[in-house]
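# Architecture and fold: a report
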Amino acid sequence: MTTNNYTKKREGIGSLFHDIETSSYTWKPIKLDMEYELFYTGRQAFKFILDTISETHAIEKIWMPSYYCQHVTRWIKKVYNNLHFYDINPFEFDKVLDLYEFASKNDVVLINNYWGLSDTVIKKSDLPIIIEDHSHGWLTRNCLHSNADYCFTSLRKTLPIPLGGISWKPNSKFNNSKHDFKQDIHFYEVFDRLHDAMKHKNSYKNGSTNVSKEDFLKVIEETEDFLDVNHEIISLRPQDIKLFDTFLNYDFLSHKHENLNIVYKQLNRPDFMRIVQRDQHVAFGLLVLFKEERLWASLKNHLISNDIYPSFLWPDNKPVSDWQYVLNIHVDFRYNASDMEYISNTINEWIQMNTKH
Ligand SMILES: Cc1ncc(COP(=O)(O)O)c(C=O)c1O
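Residues numbered from 1 in each chain as written. Predicted model: local features only at pLDDT ≥ 70, side-chain atom pairs only at ≥ 80, totals over all residues.

## Brief notes about the overall build of the protein chain
How we decide: The helix and strand labels rest on DSSP assignments: H or I over at least four residues marks a helix, E over at least two residues marks a strand, and numbering proceeds from the N terminus. Radius of gyration means the value over C-alpha atoms here, while the globule rule gives 2.2 Å times the residue count to the 0.38 power. Counting other C-beta atoms within 10 Å of its own, a residue is labelled buried from 20 upward, exposed at 12 or fewer, and partly exposed in the gap between, with every C-beta atom placed from the backbone. A pair of residues counts as a contact when their C-beta atoms, built from backbone coordinates, are separated by no more than 7 Å.
Check the secondary structure of the protein chain and you find 9 helices and 12 strands. Radius of gyration (C-alpha) of the protein chain: 21 Å, near the 21 Å computed for a compact globule of 357 residues. Dimensions of the protein chain along its principal axes, counting C-alpha atoms only, are 60 × 45 × 35 Å. Across the 357 residues that make up the protein chain, the buried fraction comes to 38%. Sequence-distant contacts, at least 24 apart, represent 67% of the contacts inside the protein chain between residues at least 6 apart.

## Focus on the site of the ligand
Here is the rule we go by: Being near a molecule or strand means, for a residue, that its backbone-placed C-beta atom lies within 6 Å of it. Classification convention: Asp, Glu, Lys, Arg as charged; Ala, Val, Leu, Ile, Met, Phe, Trp, Tyr, Cys, Pro as nonpolar; all other residues, Gly among them, as polar.
Around the ligand, the structure places 13 residues, and the nearest of them are Thr-41, Gly-42, Arg-43, Cys-69 and Ser-154. For the shell around the ligand, the secondary-structure elements that each account for two or more residues are α1 (42–56) and α2 (70–79). When its residues are assigned to classes, the shell around the ligand shows 2 nonpolar, 8 polar and 3 charged.

## Observations regarding the domain arrangement of the protein chain
So the rule is basically this: Residue ranges for the domains originate in an automatic or database domain assignment.
When its domains are assigned, the protein chain resolves into domain 1 (36–168), domain 2 (185–229) and domain 3 (251–353). Of note, the centres of domain 1 and domain 2, computed from C-alpha atoms alone, are 28 Å apart. Of the residues contributing to the side of domain 1 that touches domain 2, the split by class is 4 nonpolar, 2 polar and no charged.

## Let's talk about the sheet that holds strand β9 (residues 274–275)
Rules: Pairs of strands are assigned from DSSP output, requiring at least two bridges between the strands.
Overall, antiparallel pairing links the 3 strands, which are arranged β9-β10-β12 in an open sheet. Edge positions in the sheet fall to β9 and β12 (325–329), since each of these pairs with one other strand and no more.

## Here's the deal with the environment of Lys-265
Within the secondary structure layout, Lys-265 lies in helix α7 (residues 252–266). Note: C-alpha distance between Lys-265 and Ile-20 (245 residues apart in sequence) is 29 Å.

Here it is, written out as structure tokens:
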């Protein structure tokens, strides 16, 4: 045990959200000043935008960032076959992306808000059409004040819901709500199964001996496989809209901000490890970068053996710099200052073991 007086969480730190009773948390309310459309996934929200654009423009090329979530790229390729790629370094935040170097007026460009830290300066012009993905930066300044033509977010990365997506048109609204979305009993069953897994995680967290970790963890994988092959936009059930709307009214970013400030102060910074952070911005999580895969794997194993479960953001991408191995540690509303201290101590302990004396 690395931290005195810290009681480890039975469910560990990270992975799937547990089912939440909002009354157990004191979250800051927030009023979203945008007209939006809700979906079951970020992918469907993205497809909806592309379908909307296609109604009035023949899209010649869809430009995707070369460094991106490979699941989404693969999925979009199935529904739009005109994907092209532009190079980008997701850890360089000050560089202006010059869209006009590669895109022309009948194209669409997807820009990603990397780790919630990008504020891509988008050159003002009517075309090409720009879509921005804020899945890792929900409620960041760039998300709320984007000057893209369209935006979307995968909500399940931030809100404690099984699945969810949102699209909006900054400073405007969609005028094509006539879309016929599909009802799909099988999709609803998958959603409910994942929701049950979140409920099981909650019981496990609260000490139930009738549930094992495997019961809820295996459902995550099954759901990912299903999402990969489902290419329709599914119409939302009223109870799910209600669920999403409940959580859209809370400021989940400020909690992360407080947690990150604690962990940033407590962490040691050896030269073989980098923390991805940026002044005046709030990152998606505690993002740790390595040049060496060996050190990345060693910290990952150390974290897991201490019940901290990091996520691996996009290991299948081509390396864009020497610092290419990323671990993301969750610092969201589920965690408090003593959890942050536990995370910092666990990492500092590993740093010490890996520092030559
Ligand atoms: C940056 C980013 N955008 C979009 C998505 C797709 O979201 P969803 O899984 O809700 O379709 C993901 C991951 O799944 C992602 O990492």
